[in-house]
Amino acid sequence: ADWDKKITFLGTGNESAGKIGGKYIADKLGSGAEIVIIRGALGDLTHDQRSNGAAATAKAGGCKVMDIQPADSDMAKAMDVMENMIQAYPNIKGVFCTSDAMAIGANRAVEKSGKNIIVIGFDAIPVAVEEIMKGKTFKGSVAQSPYNIGYMGVENAIKAAKGEPVDKRIDTGAKMIDASNVQAYSDDLKKMLGK
């Protein structure tokens, strides 16, 4: 939001985080693979940025982005959208979803179809982490960094209070969670949630 006393915006860079997901799917599938993207509501800046970032790096990695459809961050809608995409594009090998709720729905459609289509989500929420641990079609999720958001938020609030310079935009980072690091991420998540 624009307001006269704002010093900085601190949070996930959604386009750069989307690029992580798009690059991952391209690296997994290779050049020429057909993929689709399921995104949140049209006009939602967060989902615009995630979708645009993923599409850009997937294309740069040689993937063909066959379609981008909204599912309004709704699990059931995403399942329906994915079922339709599987029918419309029978050769797709992957789907990137701009939230894990949609990725869970898309994954249900993929499992129901019996096709070998990889699913990548965004947010690395506990239920998505469980799906990644199963090692089936849900292969990964882009995780924001709640630790960095909290730590860097306090750090920069102190700087601002002291009158020290603070960047106008601070990206708190994101990373891909997949089979290689899902157990460590899950353990960290449980600690943060006090479980």
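Description of the structure in this document. (Residues numbered from 1 in each chain as written. Predicted model: local features only at pLDDT ≥ 70, side-chain atom pairs only at ≥ 80, totals over all residues. Heavy atoms only, no water.)

### A look at the overall build of the protein
- A count of helices and strands for the protein gives 7 helices and 8 strands.
- Expected size for 195 residues packed as a compact globule is a radius of gyration near 16 Å; at 18 Å, the protein falls within 12% of this value.
- A principal-axis box enclosing the C-alpha atoms of the protein has dimensions of 60 × 35 × 30 Å.
- Looking at the protein as a whole, 42% of its 195 residues are labelled buried.
- Within the protein, contacts between residues separated by at least 24 positions form 74% of all contacts whose residues are at least 6 apart in sequence. (Helix = DSSP H or I, 4+ residues; strand = E, 2+ residues; numbered from the N terminus. Rg over C-alpha atoms; globule rule 2.2 N^0.38 Å. Buried < 20%, exposed > 50% of the residue type's maximum accessible area, 1.4 Å probe, protein only. Contact = heavy atoms within 4.5 Å.)

### Structural notes on the side chain of Thr98
- Looking at the secondary structure, you find Thr98 in the loop between β4 (92-97) and α4 (100-113).
- Separated by 2.6 Å, the side chains of Thr98 and His47 make a polar contact.
- If sequence neighbours within four positions are ignored, Thr98 has contacts with Ile38, Arg39, Gly40, His47, Arg50, Ser51 and Phe122. (Polar contact = N/O pair within 3.5 Å; in protein donor to acceptor, adjacent residues only side chain to side chain.)

### Examining a nonpolar patch on the surface
- Together, Tyr147, Tyr151, Met192 and Leu193 make up a nonpolar patch on the protein surface, roughly 470 Å² of accessible area in all.
- Tracing the chain through its elements places Met192 in helix α7 (residues 182-192).
- Judged by relative accessible area, Met192 falls into the partly exposed class, the value being 46%. (Patch = residues over 30% accessible without salt bridge, like charges linked within 9 Å, V, L, I, M, F, W, Y side chains within 5 Å. Areas by Shrake-Rupley, 256 points an atom, 1.4 Å probe, with all protein chains shown as cover. Salt bridge = Lys/Arg side-chain N within 4 Å of Asp/Glu carboxyl O.)

### Regarding the packing of aromatic side chains
- Within the structure shown, the criterion is met by 1 aromatic pair.
- Their ring planes at 15° and their centres at 5.8 Å tell us that Tyr147 and Tyr151 sit as a pair that is stacked. Placement of the pair is Tyr147 and Tyr151 together in helix α6 (residues 146-161), with a separation of 4 residues, close to one helical turn. (Phe/Tyr/Trp six-rings, centres within 6.5 Å; stacked < 30°, edge-to-face > 60°.)

### Brief notes about the nonpolar core
- Formed by 29 residues in total, the largest nonpolar core has its most connected members in Ile38, Met82 and Val95.
- Contributions of two or more residues to this core are made by β2 (34-39), α3 (75-88), β4, α4, α5 (126-134), β6 (138-144) and α7.
- Of all the elements, α4 adds the most residues to this core, at 6 residues.
- When neighbours within four sequence positions are excluded, Ile38 is seen to be in contact with Gln69, Ala71, Ala78, Val81, Met82, Met85, Val95, Phe96, Cys97, Thr98, Met102 and Ala106.
- Grouped together as the second largest cluster of nonpolar side chains are 17 residues, Ile25, Ala55, Val142 and Met176 included. (Core = buried A, V, L, I, M, F, W, Y, C linked by side-chain atoms within 4.5 Å.)

Purely geometric numbers; function is a separate question.
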